[in-house]
Amino acid sequence: GCRAPASLLGALGWAFSDFMMFWLGYTVGNALAPLPLLILGLSRLVRDADRRAVAITVAALVLIITAGHPESVLFAVTGAGVYFLFLLGWAGAKRWARPVLLSFAAGAVALGLTAVQLAPMAEALPHTWEHYYRSVHFAQVKKSVSPRESAHRAATYLLPYVHGESGRGKLREGFGVPGAYAGTILLPLAACGLGGRDRRRWALLAVGLLGLALWSRLALVTDALAALPLFDIGVLEYMVFWAAFATCALAALGADRLLAGEGRSAFLVGTVLALAAVAALYFAYEASMQQLMPQPFLHRRLLWELVPLACGLVLLGALHRHAGGTVRAIVLLLLLAAPRAVEAGRVYPDFPSKAFAPPLRFLDRIPRGVPVRMVALGEMFV
């Protein structure tokens, strides 16, 4: 329902969020990449309740299931179910029946199409060490932490490197997986989206806060969910992807308002608040961060968080009245894409192909064209 540039901004934010970048190439990333498609399918089920909506929902579920990570399936369907309930509530009780029935039909079709994978997996999982560990030990472990520790964990939403960054120094225990960070420019845009009139913003806020609460291991919320079957053996903080998705979707709604000439005040206030919050957190944690990472790296990371916000404050404030929607869209996309290329572009660096198969000159002495028997000396081949 947004303009194309606003939708593109939300899509870029989701695709290049820290969580998705970290799980690139893993089954978790493959399972969660189609999440926006599932949200689209459920939205169409409520709006249209037709075969096309069912087809979209089935396609999304099949993609998520066949990625091969059952835990991500559970987490994706749970958050999507919360979102779906919000949409049903707004539709009114008289319009519940058909969307609900069609959602069950879509789930049944998806399960039927993926049974060839799910049935063997269900048979095999109880025999694995992972299942034994989680069901016997992990299920009994308290999942929530103290309010102080929850606040420390929540700080990664604004400062993703506050507890260390892989490859840049030391990592504080329990912080190897990234949280919900997707770029600071999304924060004022999300604030702009929250200030709009689109009712979807409340559904997105709900799933976003749920993901952030579980990432923070917040008491009550985490304990309540961990008391349910299956969730008791799940790593609940992985549901932080819902916080990342909600931020990106709200940012798309906010960008759409800006492109329509609305929401300037909300964006400016959100930018100022984001600048103040990032700066305050940085100075509060600076001493502990310097024990984990080099100071020059910390300064660069802080700069790449503050510069987009400052540029957005200046440029969009100046361009709002005098520039067309295309110019504003380009500015917004650049303020997201350029910093993300620097912040997350080297999570998995690429290398020339010769780095994987370098010429091994000692092999030149082996005769060619005749039978030869050989053995490597020590760790030569390694």
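This text goes with the structure placed above it.
Everything in this summary refers to the structure shown in the same document. (Residues numbered from 1 in each chain as written. Predicted model: local features only at pLDDT ≥ 70, side-chain atom pairs only at ≥ 80, totals over all residues. Heavy atoms only, no water.)

Attention now moves to the packing of helix α10 (residues 186-194) against helix α14 (residues 264-290). With their axes 8 Å apart at the nearest point, α10 and α14 run at an angle of 140° to one another. Comparing their axes, α14 and α10 come out oblique. In this structure, α10 meets α14 at a crossing whose hand is right-handed. Touching L187, P188, L189, A191 and C192 of α10 are A266, F267, G270, T271 and A274, all from α14. Its residues assigned to classes, the contact of α10 with α14 comprises 8 nonpolar, 2 polar and no charged. (Axes fitted to C-alpha atoms, helices over the stretch in contact; angles between N-to-C directions. Helix = DSSP H or I, 4+ residues; strand = E, 2+ residues; numbered from the N terminus. Parallel < 35°, antiparallel > 145°, perpendicular 65-115°, else oblique. Left-handed = near helix turned anticlockwise from the far one by under 90°. Contact = heavy atoms within 4.5 Å. Nonpolar A, V, L, I, M, F, W, Y, C, P; charged D, E, K, R; others polar.)

A few words on the environment of W202. Its place among the elements puts W202 in helix α11 (residues 200-215). Sequence separation of W202 and D223 is 21 residues, and the distance between their C-alpha atoms is 24 Å. Setting aside residues no more than four positions away along its own chain, W202 makes contact with F86 and W90.

Take the packing of aromatic side chains next. In total, this model carries 12 aromatic pairs according to the counting rule given. Seen in terms of ring centroids, W242 and F245 are 5.8 Å apart; in terms of plane orientation they differ by 90°. Their pairing is edge-to-face. A residue pair is termed a helical-turn pair when its members lie 3 or 4 positions apart in one helix, as W242 and F245 do in helix α13 (residues 241-259) at 3 residues. The class of F245 is buried, set by a relative accessible area of 8%. With centroids separated by 5.7 Å and ring planes inclined at 85°, the aromatic side chains of Y282 and F283 adopt a geometry described as edge-to-face. (Phe/Tyr/Trp six-rings, centres within 6.5 Å; stacked < 30°, edge-to-face > 60°. Buried < 20%, exposed > 50% of the residue type's maximum accessible area, 1.4 Å probe, protein only.)

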